[in-house]
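# Per-entry structural report
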Amino acid sequence: MSLMKRSLAEFIGTFWLVLGGCGAAVFAAGVPDVGIGYLGVSFAFGLTVLTMAYAIGHISGCHLNPAVSIGLAVGGRFSFADLPMYVAAQTLGAIAAAFMILYVASDMGLFREGQATFQLAANSLAVNGYGELSPQGYGLTAGLLTEVVMTLMFLFIILGVTDKRGTAVAGGLAIGLALTLIHLISIPVTNTSVNPARSTGPALVLALSGEGKALAQLWLFWVAPIIGAALAGVIYRFFEDEA
């Protein structure tokens, strides 16, 4: 499969991840009486990965995340030469999804009284953040540590599930449930990133709409997931069979 085709699959898959996860948070989490809350959003993110694992796993590997691609490269499972195209495709897919979410959300509650409405603000579009942008007011250090450890564990699980010595039949299920659990743990802290592309889409779209606080904090959601992913790649190599 050509790199262009694999990258296009990553664009589509990451679009789905952000539309499904962030879209669920924006459209459904805060609906009066029937909102899905943290639990529903957590499952939404997990389901996007689960469904795409079976849709494009055989095409591109279904990374959907620059940190995953980097962690797999460090772990010897992916070519460093292919990283730029994968990361670009993933980031563009996330940005496209964020634009769609903003467009659709602008109609929220306009044609029916008593419904949830959308207001453009610094924390709109399910952005990631710390301090005032953290859902429960966690600070920079807590956010940094959480993102590093959550991404490390996510990549460790991915590397284990996809190990040729393991049982990969239900690999997509395990990875999707891992992401669900990660969101259940860390949504209150940073709104859960573990994915630089997922963080970039909403932050950039908000910045272009005049709300730039999330974009100013975006560095953490590139640095921390990449560190965590790289550490996982190094650590898992310790468990590889010796040649």
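A short tour of the structure in this document, coming up. (Residues numbered from 1 in each chain as written. Predicted model: local features only at pLDDT ≥ 70, side-chain atom pairs only at ≥ 80, totals over all residues. Heavy atoms only, no water.)

### Remarks on the packing of helix α1 (residues 3-27) against helix α2 (residues 37-60)
Condition: Lines are fitted to the C-alpha atoms to define the axes, a helix being fitted only along its stretch in contact, and any angle between axes, read from their N-to-C directions, falls within 0 to 180 degrees. Secondary structure elements follow DSSP: runs of H or I of four or more residues count as helices, runs of E of two or more count as strands, with numbering from the N terminus. Comment on the angle field: the value is read as roughly parallel under 35 degrees, roughly antiparallel over 145, roughly perpendicular from 65 to 115, and oblique elsewhere. Working rule for handedness: look at the near helix, and if it is turned counterclockwise from the far one by less than a right angle, call the crossing left-handed; if clockwise, right-handed. Here the term charged refers only to Asp, Glu, Lys and Arg, the term nonpolar to Ala, Val, Leu, Ile, Met, Phe, Trp, Tyr, Cys and Pro, and the term polar to all other amino acids, Gly among them.
Here α1 crosses α2 at 165 degrees, and the two axes come no closer than 8 Å. Taken together, the axes of α1 and α2 lie roughly antiparallel to each other. As α1 packs across α2, the resulting crossing turns out to be right-handed. Of the residues contributing to the contact of α1 with α2, the split by class is 14 nonpolar, six polar and three charged.

### Details of the state of the cysteines
Short version of the rule: Any two cysteine sulfur atoms lying within 2.5 Å of each other are counted as a disulfide.
All told, the structure shown has zero disulfides when counted by the stated rule. Distance from the sulfur of C62, which forms no disulfide, to the nearest cysteine sulfur (C22) is 16 Å.

### Concerning the nonpolar core
As a rule of thumb, soluble globular proteins bury nonpolar side chains together. Short version of the rule: Only buried residues count toward a nonpolar core, which is a set of Ala, Val, Leu, Ile, Met, Phe, Trp, Tyr and Cys residues joined through side-chain atoms within 4.5 Å. Only protein chains enter the area calculation, which uses a 1.4 Å probe; residues under 20% of their type maximum are buried, those over 50% are exposed, and those in between are partly exposed. Contact criterion: two residues are considered in contact whenever any of their non-hydrogen atoms come within 4.5 Å of each other.
In terms of nonpolar packing, the biggest core is built from 56 residues, with V18, V26, L64, I101, F118, L125 and F154 touching the most fellow members. Of all the secondary-structure elements, those providing two or more residues to this core are α1, α2, α3 (66-74), α4 (83-105), α5 (140-161), α6 (171-190), α7 (196-208) and α9 (220-237). Broken down by element, this core gets its largest block of residues, eight residues, from α4. Once residues lying within four places of it in the same chain are set aside, the contact partners of V26 are I101, A105, M108, F118, L125 and A126. In terms of nonpolar packing, the next biggest core, distinct from the first, is built from five residues, Y130, L220, F221 and A224 among them.

### A few points about the environment of L17
Mapped onto the fold, L17 is located in helix α1. Note: C-alpha distance between L17 and R198 (181 residues apart in sequence) is 7.9 Å. Residue contacts for L17: discarding those within four places in its chain leaves C22, F45, T48, V49, L64, N195 and R198.

### Re the packing of aromatic side chains
The description of an aromatic ring pair rests on the distance of the ring centres and on the angle between the ring planes. Our working rule: The criterion for an aromatic pair is that two Phe, Tyr or Trp rings (for Trp, the six-membered ring) have centres within 6.5 Å, with stacked assigned to planes under 30 degrees apart, edge-to-face to planes over 60 apart and tilted to the rest.
All told, the structure shown has five aromatic pairs when counted by the stated rule. With a centroid separation of 4.7 Å and 50 degrees between ring planes, the pair formed by F78 and Y86 is classed as tilted. With respect to burial, F78 and Y86 carry one shared label: buried. Aromatic side chains F156 and Y236 sit 5.3 Å apart centroid to centroid with 70 degrees between the ring planes, which places their arrangement in the edge-to-face category. Within this pair, whereas F156 is found in helix α5, its partner Y236 is found in helix α9, the two being separated by 80 residues in sequence. Given a relative accessible area of 26%, F156 falls into the partly exposed group. Its relative accessible area of 9% is what places Y236 among the buried residues. Of the aromatic side chains, those joined through ring pairs into one cluster are F156, Y236, F238 and F239.

### Quick word on the pattern of salt bridges
Operational definition: Every case where a carboxyl oxygen of Asp or Glu lies within 4 Å of a side-chain nitrogen of Lys or Arg is listed as a salt bridge.
Evaluated as defined, the whole model comprises five salt bridges. R165 is the salt-bridge partner of D163, the closest N and O atoms lying 2.6 Å from each other. Relative accessible area serves as the criterion here: at 5%, D163 is assigned to the buried category. Where salt bridges share partners, they join R77, D163, R165 and E240 into one cluster.

### Re the environment of R165
Short version of the rule: Counted as a polar contact is a pair of N or O atoms within 3.5 Å, where, for protein atoms, one must be capable of donating a hydrogen and the other of accepting one, and residues adjacent in sequence contribute only when both atoms are in side chains.
Among the structural elements, R165 can be located in the loop between α5 and α6. Using a relative accessible area of 40% as the deciding quantity, one classes R165 as partly exposed. Sequence separation between R165 and I95 is 70 residues, and the spatial gap between their C-alpha atoms is 36 Å. In this structure, R165 is in contact with Y236, F239, E240 and D241, ignoring residues within four places of it in sequence. At a separation of 2.6 Å, a polar atom in the side chain of R165 contacts the side chain of D163.

### Some remarks on α5
Rules: Take the residue count of a helix, subtract one, and multiply by 1.5 Å to get its expected span.
Over its 22 residues, α5 extends 31 Å from the first C-alpha to the last, a length consistent with the 32 Å expected when each residue adds 1.5 Å. Every buried residue of α5 is listed here: G143, T146, E147, V148, M150, T151, L152, F154, L155, I158, L159 and V161.

Just geometry here; none of it tells us what the structure is for.
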